[in-house]
Amino acid sequence: SILHRAAKDRFEIHETLRQYAVEKLAMDPKFEAEIRGVHSDYYLNALGFWEQELHGPRQGIVFKKMVVQIENIRTAWSWALDHDKFNQLFIALNGLCMFLTDNLQWSEGVEICNTIVEKLKGITVSEHPMMDVHGDGMEIEHLKLAPRSLGWESRFNAFFGNVDCAYDLYLECMAMLDGSEKFFQETLFERASALAVLPFLNKIKKREEIIQVAQQAADLYESIGEPGWQGAALNSLGGFTKAVSRAESIKIYRDSLAIHRKLGDLSGIKNTLKELSWMSAYWLEFKRAEELIQEALNIAVELDDRHTIVEIYATMGVQMVWAGKFHEARTLLPEILRTYTDLEYSHSFAANIQCRACYPDLYLGEYQAARELAQVALDFYETAEQYWGEYFRAVAMQIMGSITLGEKSFKEAAQWFQESLHIFQITDPPDKISQVLACSGFAHRGLEETSKTKGDLYKALKMSLEAEVLFPLTHIFPGIALIFLDQGDTEQALEFSPMLARGTFRPCAWSAR
């Protein structure tokens, strides 16, 4: 036989025979166009179908199928683009971009979307898919292809940290949508997708406005019956809301989780479980945090999602450190570093992992090892511009401050904490601000600056209790106890001694006080 089975539902032809068939086919241009058109339609229609399955229980199977078929997909896409098959490109765009996102092929995503946008710009006004006159048999998909491509291109650039470019693309997308008001209802998905990216571009400074935009995106997805996208938007909204209300953030995460569970969307379930795990850890509910992150890990293993597996190991390491399991956390480090090195990450994810991986060494007093890991993250984030890039740059600075604090270089530590605090006050996570303030208090105590020590620690205490995040209290209470000891007030210092054992105090009682 000229065919052989490559998988259960896939056959392959010998490469020599394939090349011969291609040469013979080229001898009949009309027949070749017909065959290539059928091939293109098949794979682009498949991408449209796979888009829905990527939100459901078969996503792992579908993702692996797309990995195998990627060359066919690229060939099909190129042929459709060359022959102005805009309807087919529209059908396939979301599925292809979702795959490229999950497979971390962001450069290809940028190129694909940019090519579409430039192609549409070259069409004459009477033929242009974005013209306001919807006639002559023009399909509504034509109308939506350009803004949808711009939205995805903006998202891919945001992943890279090219926030200025991403913002320009967002503005171009919204201008295009606003210029086609008569088709407002038909373009709600494109509008929601553009809005979903905006909060990550560091262009909105007020937390309330960021939350408002993220909520608007989630509401738009819900209004057009896109639960998979709505669940993802709610997951982002929960992250922005945690700085305002822990209870509201948890509610949003649970709503997101309920949507993903109903769809059987394992990836969405996994992502929301990770966030809920962090919320439990912030409240020092380490057993619950461990249960949630373990469930997320099991799903990542089932999906063979190595990217998330290494991220979860890093998360586990941090949470173990918070729970006081320093040596247990340290045993995860080789696996974390080996896995991400194998995956050859060179973007922000690698720096994120380096940042988290240094926590065990920091708390065990292995300052040089911690410094080397933190410096890698810091070097990368010095030039990163994306929303979370700023956040992790501040985290790396905080770690550097903690290292120099442990080495009793109090002046340098205070400088690191001040730089970290400046960034955190822009991105506005109260858990980190209160934690850095507490560490800064220790640095000022080392410098014998009593008023600054008290000011930092009491501001940290007030913020931590108001924001309902308890982990910073494990830094704050020891600092306050030391203030009382410095004043010779042993009785008051001893009142804080139970706080030195993580999780043994009653948060509600202290909130009331």
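Draft legend 1. Structural view of the overall build of the protein chain. Within the protein chain, the secondary structure is distributed over 26 helices and two strands. Every one of the 513 residues in the protein chain was classed for burial, and the buried ones make up 54%. Looking at the protein chain alone, contacts between residues at least 24 apart form 62% of all its contacts between residues at least 6 apart. For the protein chain, the exposed surface amounts to about 23,700 Å²; the carbon and sulfur share of it is 53%.

Draft legend 2. The packing of aromatic side chains, seen in detail. Enumeration according to the criterion identifies 17 aromatic pairs in this entry. Taking 5.6 Å as the distance between ring centres and 20° as the angle between the ring planes, the aromatic pair formed by Phe326 and Tyr363 counts as stacked. Taken together, the positions of Phe326 in helix H16 (residues 326-342) and Tyr363 in helix H18 (residues 359-363) put the pair 37 residues apart, joining distant regions of the chain. Aromatic rings pair up to connect Trp106, Trp152, Phe156, Phe159, Phe189, Tyr221 and Trp229 into one cluster. For Arg155, the ring lying beneath its charged end belongs to Trp152, and the centroid distance is 5.3 Å.

Draft legend 3. Region of the structure containing the packing of helix H1 (residues 15-26) against helix H2 (residues 29-53). Interhelical geometry of H1 versus H2 gives an angle of 125° and a closest axis separation of 7 Å. Between H1 and H2, the angle is such that the two are oblique. Residues Val22, Leu25 and Ala26 of H1 form the contact with H2, whose own contacting residues are Pro29, Phe31, Glu32, Ile35 and Arg36. The residue makeup of the contact of H1 with H2, split by class, is six nonpolar, no polar and two charged.

Draft legend 4. Helix H5 (residues 86-102), seen in detail. Between its terminal C-alpha atoms H5 stretches 24 Å, which fits the 24 Å expected from 17 residues at 1.5 Å a residue. Taking burial as the measure, the 17 residues of H5 include 14 buried ones, the bulk of the element. Where H5 terminates, the next one or two residues include Leu104, which has phi positive at roughly 60°.

Draft legend 5. Examining the side chain of Thr474 more closely. By secondary structure assignment, the location of Thr474 is in helix H24 (residues 473-486). Polar contacts involving the side chain of Thr474 include one to the side chain of His475, which spans 3.3 Å.

Draft legend 6. Expanded view of the packing of helix H22 (residues 430-446) against H24. Closest axis-to-axis distance for the H22/H24 pair is 9 Å, and the angle between their directions is 30°. The angle between H22 and H24 falls in the class roughly parallel. In the packing of H22 onto H24, the handedness of the crossing is left-handed. Within the contact between the two elements, H22 uses Ser434, Gln435, Ala438, Cys439, Phe442 and Arg445 and H24 uses His475, Ile476, Pro478, Gly479, Leu482 and Asp486. Per-class residue counts for the contact of H22 with H24 are six nonpolar, four polar and two charged.

Draft legend 7. Molecular detail of the pattern of salt bridges. Scanning the entire structure with this criterion turns up 19 salt bridges. The residue Glu291 makes a salt bridge to Arg288 at a minimum N-O spacing of 3.3 Å. Here Glu291 pairs with Arg288, and both are found in helix H14 (residues 286-302), just three residues apart, close to one helical turn. Classification of Glu291 as partly exposed rests on a relative accessible area of 40%. Assessed through its relative accessible area of 42%, Arg288 is described here as partly exposed.

Draft legend 8. How the structure looks around H24. Spanning 14 residues, H24 covers 19 Å between terminal C-alpha atoms, matching the ideal 20 Å at 1.5 Å per step. Taken across its 14 residues, H24 has eleven buried, putting it largely inside the fold. Listed in full, the buried residues belonging to H24 are Leu473, Thr474, His475, Ile476, Phe477, Pro478, Gly479, Ile480, Ala481, Ile483 and Phe484. Gly488 sits one or two positions beyond H24 and adopts a positive phi of about 80°.

Draft legend 9. Inspection of the environment of Asp102 at higher detail. Secondary-structure assignment places Asp102 in helix H5. Looking at Asp102, the relative accessible area reads 45%, which means it is partly exposed.

So, how was this worked out
- Residues numbered from 1 in each chain as written.
- Predicted model: local features only at pLDDT ≥ 70, side-chain atom pairs only at ≥ 80, totals over all residues.
- Heavy atoms only, no water.
- Helix = DSSP H or I, 4+ residues; strand = E, 2+ residues; numbered from the N terminus.
- Buried < 20%, exposed > 50% of the residue type's maximum accessible area, 1.4 Å probe, protein only.
- Contact = heavy atoms within 4.5 Å.
- Areas by Shrake-Rupley, 256 points an atom, 1.4 Å probe, with all protein chains shown as cover.
- Phe/Tyr/Trp six-rings, centres within 6.5 Å; stacked < 30°, edge-to-face > 60°.
- Lys NZ or Arg CZ within 6 Å of the ring centre and 35° of its normal.
- Axes fitted to C-alpha atoms, helices over the stretch in contact; angles between N-to-C directions.
- Parallel < 35°, antiparallel > 145°, perpendicular 65-115°, else oblique.
- Nonpolar A, V, L, I, M, F, W, Y, C, P; charged D, E, K, R; others polar.
- Expected span 1.5 Å × (residues − 1).
- Polar contact = N/O pair within 3.5 Å; in protein donor to acceptor, adjacent residues only side chain to side chain.
- Left-handed = near helix turned anticlockwise from the far one by under 90°.
- Salt bridge = Lys/Arg side-chain N within 4 Å of Asp/Glu carboxyl O.

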